[in-house]
Structure formats: C-alpha cells, structure tokens
Amino acid sequence: MEKQAYGIDLHLHTTSSDGTRTVDETIHDAMEFGLAHIAITDHNQFAIEEPINYLGLEIIPGAEFSTSYITDSGRLLEVHVVGLFFHGVPRTLQQIFRKIPQQRKHYLDAIITKLNYLGISISYEELLNTFPDSNQIGRRHIAEILVKKNYADSITDAFDRIIGNRSPYWVDSTKYMKYMSLKECVEKICKNGGFPILAHPYHYHCTDEEVLKIVKDFKEYTKDCPAGMEVYYSKYDEEHRKELLKIANDFGLYPSAASDRHAPKDPFERGEENLLEAMKEAVLKGKNTK
Ligand SMILES: [Zn+2]
C-alpha cells in the first residue's frame, strides 16, 4: 500500500526564477517525496496564480519578494519575504514585478561588461541560449558558464574569485535592482489577502541584535495582519530552529517550514501540517481579507 502523503514545504523555486525544475517537475518531485502541501515561491515572480489541487497535493501560489531594508547602522540589506496567497493572487498584485526584468538586464550587462574587461568571453545572448528554460537568469547561471569554459573550477570557486559578494570583481546589485522597502512589501501582501513570512532570518549577515530588530520591524509592519517566519528551514540545525521558534513565539509570528529548494539535490522539508492550518485560520479570522 502507498504511504499517505504528509507534511508541508512552503518555499520552493522553479525555472520561473533560478530553480532547475519546472513547476510540473517540482509538483512531481513533491508527490514522489510524499508531501501533502507545497508553495511555489519563485523570486519576484508568480509562477502560478491560483491554488491547485493535484491528486491530493495542495499547491499554494506565492512568491519570494526581494525587499530593501536599512539597519540602524545604515547598512542596506536585501531581506526576503515569502508571500503566500491561499485563495489566489489578486489581479492588482500580478503586475507588481513588471519593472524587474529590465533592471535585471542592466545588472547582468554590468557584470558581463566587467567580465569581458577581465578577458573572460561571455555574452548576454550566450546566457539566454544556454538556459532557454529559465525565466530569470542570474549569477548562478553565469557561474555555470564560467565553470563550463574553464574560467573557474566550480560554482563556489566562480563566486569566491570572480562574481560573489566578497570577490574583487563584485557588482553591487542594489545599484540596478530597485526593490521596494520591507515595509511597503509587507503592507502590499497584507492588503491583498496574502500571508507574509520573513524568510531565512539568519541569512542576512547580521548580528543577533540586528536579526531581532528585523523581526521586530517586520512584525510592526504587519500591524493587524497575521504573519509568519521561517523556523524549520532546511539549512538550519536543531539549535537554530529552537532559537527561531522562541523568537517567533515572542513576536507572535507563525512558524513556517521551508526548504528553499532550487534543484533535485536540495532536500525537501517536511513540516507539520498544523503549522499551515494555523496560518490559514489566522488569515480567515484576520483583517487581511480581500
Ligand atoms: Zn528562496
């Protein structure tokens, strides 16, 4: 007998952004893994706009919003928010990411110009031709080409030496990508009947104190709208999960389970289903109804 599907994973990427699996393939993978509820949350993109129920698997539409946030010490951070739309993405919100492809092209052009200057042969057309299925070409794709053409030994090497944030030839994306503020993003998600979740709180190169401030501000921006925070995140160990659960409880945020899966090599997360039930109930009772 087949095992009953169980569990939630509310943060998955597909080829609609920088993932390597299409939406259909991701759904297939999740079924094979035996999950009961997933969310498709591509970077700044709604890969699906309506909820789907496929052979008992619930697929929730959403996106991972890039936002800008300024710390107390004046540092500009790119903070990510997973927005889930249990009842579908409202039409008014579907246009929200329209300026991003153009900004992204300018950003990639700047990286390519720098690489060309270094004597590395790579072009924008080459990127498009090498990854025809990707709707959102990024540095990860550039790194793959650098490896293929022997300019780097591995993806990690390409990031470390050539295009990563700490490499000498880093191009600052914030010069090109103008994201909305964390506050504006959270308010937009709430106003449109969505459920905002602060993504991977330990990913922003922040001190513990700064992390707490981000969480505090995030909670404040949600006002009366129910909101969550990723606690059961695939790359965080037990200790980190415990800390995050405490923070989520302290601030009245709903804990979420998230793998942030980009490719088959990335494991799914299997979170408890009552976490998702609590979120849905909160949205029904909350003031952020459409
Ligand atoms: Zn992600």
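Look above for the structure.
In this report, the structure presented in the accompanying data block is examined.

Quick notes on the rules
Every residue gets a number counted from 1 within its own chain, in the order that chain's sequence is written. The predicted nature of this model means local features are confined to residues of pLDDT at least 70 and side-chain atom pairs, given and counted, to a pLDDT of 80 or more, with totals for whole chains, interfaces and linings taken over all residues. Just so you know, side-chain values use all the structure's heavy atoms and leave hydrogens and water out. Categorising residues by exposure relies on relative accessible area from a 1.4 Å probe, with only protein chains included: less than 20% of the type maximum marks a residue as buried, more than 50% marks it as exposed, and the intermediate range marks it as partly exposed. Think of it this way: any DSSP run of H or I at least four residues long counts as a helix, any run of E at least two long counts as a strand, and we number them from the N terminus. Sites may look incomplete because water is not among the atoms; the donors themselves are N, O and S atoms within 2.8 Å of the metal, or within 3.2 Å for Na, K and Ca. Under this scheme a four-donor centre is tetrahedral when all angles range from 85 to 135 degrees, a four-donor centre is square planar and a six-donor centre octahedral when opposite donors are above 155 degrees with the rest from 65 to 115, and any other centre is irregular. In this description, a disulfide is simply a cysteine sulfur pair whose atoms lie within 2.5 Å. One side-chain nitrogen of Lys or Arg within 4 Å of one carboxyl oxygen of Asp or Glu is enough to make a salt bridge. For Phe, Tyr and Trp, rings pair up if their centres lie within 6.5 Å, where Trp contributes its six-membered ring, and each pair is then called stacked (planes under 30 degrees apart), edge-to-face (over 60) or tilted (otherwise). Only when the NZ of Lys or the CZ of Arg is both within 6 Å of the ring centre and within 35 degrees of the ring normal is a charge said to sit over the ring. A helix is expected to reach a length of 1.5 Å times the quantity of its residues less one. Along the arc lie the directions from the helix axis toward the C-beta atoms. Residue contacts are defined here by distance: any two heavy atoms, one from each residue, within 4.5 Å place the two residues in contact.

Notes on unusual backbone geometry
Line of reasoning, step 1. Even without glycine at this site, Leu55 takes up a positive phi of about 50°.
Line of reasoning, step 2. Taking the relative accessible area as the measure of exposure, Leu55 reaches 69% and is therefore exposed.
Line of reasoning, step 3. The phi torsion at His205 lies on the positive side, around 50°, for a residue other than glycine.
Line of reasoning, step 4. Among the structural elements, His205 can be located in the loop between strand 6 (195-198) and helix 7 (208-222).
Line of reasoning, step 5. The class for His205 is exposed, based on a relative accessible area of 55%.

Points about the environment of Glu281
Line of reasoning, step 1. Within the secondary structure layout, Glu281 lies in helix 9 (residues 273-285).
Line of reasoning, step 2. For Glu281 and Pro226, which are 55 residues apart along the polypeptide, the C-alpha to C-alpha distance reads 9.7 Å.

Some details on the coordination of the zinc ion
Line of reasoning, step 1. Coordination sphere of the zinc ion, protein contribution only: His11 (NE2), His13 (NE2), Glu64 (OE) and Asp260 (OD), at 2.1 Å.
Line of reasoning, step 2. Coordination at the zinc ion is irregular: its four donor atoms span angles of 83 to 171° at the metal.
Line of reasoning, step 3. We note that the donor set of the zinc ion lies within a single chain, spaced as H-x1-H-x50-E-x195-D. Linking His13 in the loop between strand 1 (8-12) and helix 1 (23-33) with Glu64 in strand 4 (residues 57-70), this pair joins segments that are 51 residues apart in sequence. Note on accessibility: His13 and Glu64 belong to one class, buried.

A word on the state of the cysteines
Line of reasoning, step 1. Taken as a whole and judged by the stated rule, the model has one disulfide.
Line of reasoning, step 2. One disulfide in the model links Cys190 with Cys225; its S-S distance is 2.2 Å. Its S-S torsion of about -75° marks the bond between Cys190 and Cys225 as left-handed, since a negative value means left-handed. On the criterion of sequence distance, the pair formed by Cys190 in helix 6 (residues 182-191) and Cys225 in the loop between helix 7 and strand 7 (228-233) is long-range, its members being 35 residues apart.
Line of reasoning, step 3. Judged by relative accessible area, Cys190 falls into the buried class, the value being 9%.
Line of reasoning, step 4. When its relative accessible area of 6% is taken as the criterion, Cys225 is described as buried.

Brief notes about the pattern of salt bridges
Line of reasoning, step 1. This model, assessed by the stated rule, comprises 18 salt bridges.
Line of reasoning, step 2. For Lys280, the salt bridge is made with Glu58, and the minimal N-O distance between the two is 2.9 Å. One end of the pair, Lys280, is in helix 9; the other, Glu58, is in strand 4, with 222 residues separating them in the sequence.
Line of reasoning, step 3. With its nearest N and O atoms 3.0 Å apart, the salt bridge here joins Glu269 to Arg241.

Side note on the packing of aromatic side chains
Line of reasoning, step 1. Taken as a whole and assessed by the stated rule, the structure comprises ten aromatic pairs.
Line of reasoning, step 2. Ring geometry for Phe33 versus Phe268: centroids 5.2 Å apart, planes at 35°, classification tilted. Residue Phe33 is found in helix 1, and its partner Phe268 is found in the loop between strand 8 (254-258) and helix 9; the two are separated by 235 residues along the sequence.
Line of reasoning, step 3. What links up through ring pairs into an aromatic cluster is the set Phe46, Phe65, Phe85 and Phe97.
Line of reasoning, step 4. Stacked on the ring of Tyr124, the Lys or Arg Lys105 has its end atom at 4.6 Å from the ring centre.

What about helix 7?
Line of reasoning, step 1. A rise of 1.5 Å per residue sets the reference length of helix 7, with its 15 residues, at 21 Å; its end C-alpha atoms lie 21 Å apart and thus fit the reference within 8%.
Line of reasoning, step 2. Residues of helix 7 that are buried: Glu210, Val211, Ile214, Val215, Asp217, Phe218, Tyr221 and Thr222. Seen along its axis, helix 7 keeps its buried residues to an arc of 165°; they face one direction. Exposed side of helix 7, more than 90 degrees from the buried face: Asp208 and Glu209 are the residues found there.
Line of reasoning, step 3. Buried positions along helix 7 lie against strand 4, strand 5 (76-84), helix 6, strand 6, strand 7 and helix 8 (238-251).
Line of reasoning, step 4. Lys223 sits one or two residues past helix 7 and shows a positive phi near 45°.

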